[in-house]
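Here are the chains, one letter per residue:
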Amino acid sequence: MQRFYSNGKLLITGEYVVLDGAEAFALPTKFGQYLDVEEGTHNQIVWTSYDSDNTIWFEDIISFQTMKDKQTEDDNKSIKNTLVEILHEAYKLNPSFLDGVSGYKIQTRLTFPKLWGLGTSSTLINNLAQFLQIDAFELLKKSFGGSGYDIACAQCNSPILYQLVEEKPTVKSVSFNPEFKDKIYFVYLNQKQNSRNAIANYYNKQVNIASQLPFFNSLTQKVINAVTITEFSNLLEHHEVAMSHILESATIKESLFEDFPGTIKSLGAWGGDFVMVVTEENPKNYFKERGFDVILTYSEMIL
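Throughout what follows, the structure given in this document is the object of discussion. Keep in mind the model is a prediction, meaning the values are calculated, not measured.

Turning our attention to the overall build of the protein. Along the protein, the regular secondary structure elements total eleven helices and eleven strands. What you see for the protein is a C-alpha radius of gyration of 20 Å, in line with the 19 Å of a compact globule of 303 residues. Dimensions of the protein, computed from C-alpha atoms along their principal axes, come out at roughly 60 × 40 × 35 Å. Residues counted as buried form 54% of the 303 residues belonging to the protein. Sequence-distant contacts, at least 24 apart, represent 69% of the contacts inside the protein between residues at least 6 apart. Working note: accessible area of the protein is about 13,900 Å², and carbon and sulfur atoms make up 46% of it. In the protein, the 26 positive side-chain charges and the 37 negative ones have mean positions that sit 2 Å from each other.

Following this line, the structure appears as structure tokens:
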């Protein structure tokens with residue numbers, strides 16, 4: 001058996017504008033996904049995907065021919081269709097993975113609940129790229145699309161600065177170890193956001209982003225280098241307000257947590273998945289009273 005693993009991700013700054021070349025600060029998570037590959041039979045892939053609680057959330061059989069020809073089915077098989085599309089693009093990048101093989105048995109296993117949105121797709125794409133020895137960024141581009149910061153997190157074991165330079169990914173490891181790390185929490189908003197839809201919405205609203213990139217780049221650098229919790233919180237709030245204007249949308253704090261005595265920042269796609277909370281006091285009671293039960297400390301979440 002061959003086993004591959006990729007880290008999950010959280011985008012701390014530069015959400016959306018990273019698509020247009022802004023520098024973005026991202027953190028790989030302690031959670032991720034495994035991919036196990038064994039030889040199979042009948043010129044097909046027997047695929048099983050396990051959630052973190054060991055339940056099967058997807059299983060199907062995909063023939064080599066289906067993958068080669070990108071044969072998709074009706075809408076109620078949308079997970080299978082997506083997988084076929086990814087495998088088809090992977091096959092085009094390395095057709096030799098079918099040479100001399102009669103089949104595969106592939107299992108994926110998340111170490112976080114699928115609904116958390118920490119990178120079910122990006123960890124899969126990076127794992128497949130490792131298995132097939134192809135470029136994960138290229139596979140992402142040809143299948144899901146997006147900036148690729150999530151692929152960078154899948155591959156890195158430290159905080160990163162990510163940027164698209166002439167549409168090519170550049171990844172730099174950065175040091176982020178502030179004294180106030182124990183004042184940073186991550187809260188799940190009880191709903192998963194569709195990244196593709198969120199990106200489409202961003203492009204629909206876009207106005208002269210290029211002129212704003214220096215502002216976001218400067219903000220990202222200051223966030224990474226912030227020395228005090230007050231400075232860090234103020235910078236995150238500036239970022240939220242700026243993105244709020246671009247997206248023509250209220251910040252998450254304005255929408256849901258106006259009375260919270262601290263800073264709340266959206267991460268990645270606005271309106272779903274996790275938010276980052278910065279506060280002097282333990283916020284668990286505040287969020288649990290409002291029905292948000294998944295609250296992780298920085299050390300529990302971040303690699």
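Before going further, it helps to spend a moment on the environment of Ile62. By secondary structure assignment, the location of Ile62 is in strand S4 (residues 56–63). Distance from Ile62 to Arg290, taken between C-alpha atoms, is 43 Å for residues 228 residues apart in sequence.

Now for the pairing of strand S2 (residues 24–39). Of all 16 residues in S2, twelve are buried; the element is thus mostly enclosed. Pairing geometry for S2 and strand S6 (residues 160–165), over three bridges, is antiparallel. Looking at S6, one finds that Ala24 is bridged to Tyr162. Bridge analysis of S2 against strand S5 (residues 103–110) gives seven bridges, and the strand direction is antiparallel. The residue of S5 that forms the bridge with Leu35 is Thr108.

In this section: the packing of helix H2 (residues 78–93) against helix H3 (residues 120–132). Relative to each other, H2 and H3 sit at 30°, their axes nearing to 11 Å. Classified by chirality, the crossing of H3 by H2 is right-handed. Here Leu83, Ile86, Leu87 and Ala90 of H2 come into contact with H3, specifically with Leu124, Ile125, Leu128 and Leu132. Across the contact of H2 with H3, the residue classes break down as eight nonpolar, no polar and no charged.

The next thing to look at is the packing of aromatic side chains. Applying the stated criterion across every chain, the model contains 23 aromatic pairs. An angle of 50° between the planes, with centres 4.6 Å apart, marks the rings of Tyr5 and Tyr34 as tilted. Of this pair, Tyr5 sits in strand S1 (residues 2–11) while Tyr34 sits in strand S2, placing them 29 residues apart in sequence. Overall, the relative accessible area of 28% leaves Tyr5 in the partly exposed class. Classification of Tyr34 by relative accessible area gives partly exposed; the value is 28%.

On to helix H7 (residues 213–225), then. Between its first and last C-alpha atoms H7 spans 19 Å; for 13 residues at 1.5 Å apiece the expected length is 18 Å, and the two agree. Buried within H7 are the following residues: Leu213, Phe216, Asn217, Leu219, Thr220, Val223 and Ile224. End-on view of H7: buried residues confined to an arc of 160°, all on one side of the axis. Exposed residues pointing more than 90 degrees away from the buried face of H7 are listed as Pro214 and Asn225. The inward-facing, buried residues of H7 contact S2, S6 and helix H8 (229–247).

This brings us to the side chain of Asn126. Structurally, the position occupied by Asn126 is in helix H3. Excluding its chain neighbours within four sequence positions, the residues that come into contact with Asn126 are Ser6, Ala136, Ile151, Ala154 and Gln155.

A separate point is the packing of H7 against H8. At their nearest, the axes of H7 and H8 sit 9 Å apart, and the two run at 155° to each other. The angle between H7 and H8 falls in the class roughly antiparallel. Our pair here, H7 against H8, has a crossing hand that is left-handed. Counting all contacts with H7, which are made through Phe215, Phe216, Leu219, Lys222 and Val223, the residues of H8 involved are Phe232, Leu235, Leu236, His238, His239, Ala242, Met243 and Ile246. Of the residues that constitute the contact of H7 with H8, the class distribution is ten nonpolar, two polar and one charged.

Reading the values: the criteria
Residues numbered from 1 in each chain as written. Predicted model: local features only at pLDDT ≥ 70, side-chain atom pairs only at ≥ 80, totals over all residues. Heavy atoms only, no water. Helix = DSSP H or I, 4+ residues; strand = E, 2+ residues; numbered from the N terminus. Rg over C-alpha atoms; globule rule 2.2 N^0.38 Å. Buried < 20%, exposed > 50% of the residue type's maximum accessible area, 1.4 Å probe, protein only. Contact = heavy atoms within 4.5 Å. Areas by Shrake-Rupley, 256 points an atom, 1.4 Å probe, with all protein chains shown as cover. Lys, Arg positive; Asp, Glu negative; His and termini not counted. Charge placed at Lys NZ, Arg CZ, Asp CG, Glu CD. Pairing = 2+ DSSP bridges. Axes fitted to C-alpha atoms, helices over the stretch in contact; angles between N-to-C directions. Left-handed = near helix turned anticlockwise from the far one by under 90°. Nonpolar A, V, L, I, M, F, W, Y, C, P; charged D, E, K, R; others polar. Phe/Tyr/Trp six-rings, centres within 6.5 Å; stacked < 30°, edge-to-face > 60°. Expected span 1.5 Å × (residues − 1). Arc of directions from axis to C-beta. Parallel < 35°, antiparallel > 145°, perpendicular 65-115°, else oblique.

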